[in-house]
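Structural overview
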Amino acid sequence: MAGFIQFEKVNKIYKTGQVEIAALRDASFEIEQGEICVIVGESGAGKTTLLNILGGMDTLTSGSVRFDGQEIGTFSVKKLSQYRRRDVGFVFQFYNLIGNLTALENVEMAARLEKDSLSPEQVLREVGLGDRLHNFPAQLSGGEQQRVAIARALVKNPKLLLCDEPTGALDYETGKTILSLLQRTCKERGTTAVIITHNHALCPMANRVIRVKNGSVVSCECNPDPTPIEQIEW
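Quick word on a nonpolar patch on the surface
- A cluster of nonpolar side chains, Tyr14, Val19 and Ile21, forms an exposed patch at the surface whose accessible area comes to about 260 Å².
- Structurally, tyrosine 14 is set in strand E1 (residues 5–16).
- Residue classification places tyrosine 14 among the partly exposed positions, given a relative accessible area of 32%.

Some thoughts on the pairing of E1
- Looking at chain direction, E1 and strand E2 (residues 19–31) are connected through nine bridges and run antiparallel. In the sheet register, glutamine 6 faces E2, and the bridge partner there is glutamate 30.
- Between E1 and E2, which pair antiparallel in sequence order, lie two residues; one of them, glycine 17, sits at a positive phi of approximately 65°.
- Bridging between E1 and strand E4 (residues 62–67) involves five bridges; their strand directions are antiparallel. Counted as the bridge partner of asparagine 11 is serine 62 from E4.

With respect to the packing of aromatic side chains
- Following the criterion strictly, the structure yields six aromatic pairs and no others.
- A centroid spacing of 4.5 Å and a plane angle of 15° characterise the contact between phenylalanine 7 and phenylalanine 29, whose relative ring orientation is stacked. Taken together, the residues phenylalanine 7 in strand E1 and phenylalanine 29 in strand E2 connect sequence positions 22 residues apart.
- Residue class for phenylalanine 29 comes out buried when judged on its relative accessible area of 5%.
- Seen from their ring centres, phenylalanine 67 and tyrosine 83 are 5.4 Å apart, and the 70° between their planes marks the pair as edge-to-face. Here phenylalanine 67 is found in strand E4, whereas its partner tyrosine 83 is found in helix H2 (residues 77–87), with 16 residues between them in sequence. Each of the two residues, phenylalanine 67 as well as tyrosine 83, counts as buried.
- An aromatic cluster is defined as three or more aromatic residues linked by ring pairs; in this entry it consists of Phe4, Phe67, Phe75 and Tyr83.

What counts as what
- Residues numbered from 1 in each chain as written.
- Predicted model: local features only at pLDDT ≥ 70, side-chain atom pairs only at ≥ 80, totals over all residues.
- Heavy atoms only, no water.
- Patch = residues over 30% accessible without salt bridge, like charges linked within 9 Å, V, L, I, M, F, W, Y side chains within 5 Å.
- Areas by Shrake-Rupley, 256 points an atom, 1.4 Å probe, with all protein chains shown as cover.
- Salt bridge = Lys/Arg side-chain N within 4 Å of Asp/Glu carboxyl O.
- Helix = DSSP H or I, 4+ residues; strand = E, 2+ residues; numbered from the N terminus.
- Buried < 20%, exposed > 50% of the residue type's maximum accessible area, 1.4 Å probe, protein only.
- Pairing = 2+ DSSP bridges.
- Phe/Tyr/Trp six-rings, centres within 6.5 Å; stacked < 30°, edge-to-face > 60°.

Structure below.
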């Protein structure tokens, strides 16, 4: 059976004047629906480029990228925009919340983009912020702001959750809380999540681990028994 996500010999070349920089070289892997996939590698390895292509925020130079049976590598600009809005939720290292909107209002803005969205208030309660609905970002801790960002991504009820170093700006304990929330959410909702990180200690939490080096996928390993994040130390 074909994977829910398929990268096949994907190349990405950036041009600066006469200079060409290969960010990805023949990257190939598959991810199944409902999996948590950790993409790990050092800074500059190509992790973010993979994530951006999968999320429809960047285009490939050559190769094939399929998502849920769709060839997204050939999407028009308009169709890529629709794909990002309907199918993908984004969680970034920095929360990108709107400062003059409350937690609830930040999530409501995302909900308005999709007719099949979930209840913003209910999603915020699910991420443990039922008593912080009407607080502004400046009144929230870093961990609470990241929970709002996760709720904002989840409220669209996306098929795919993309997380770019989601704990990079958080302390150790708060980071573990956020990862536990992501792990639980994927299990309960059947959401497919792709997390990019340089922290190799997170690999045991994933159903699938993809290692990237110098723009190439050097390994893709399945883990039939992921470890609860509470049991992982780093």
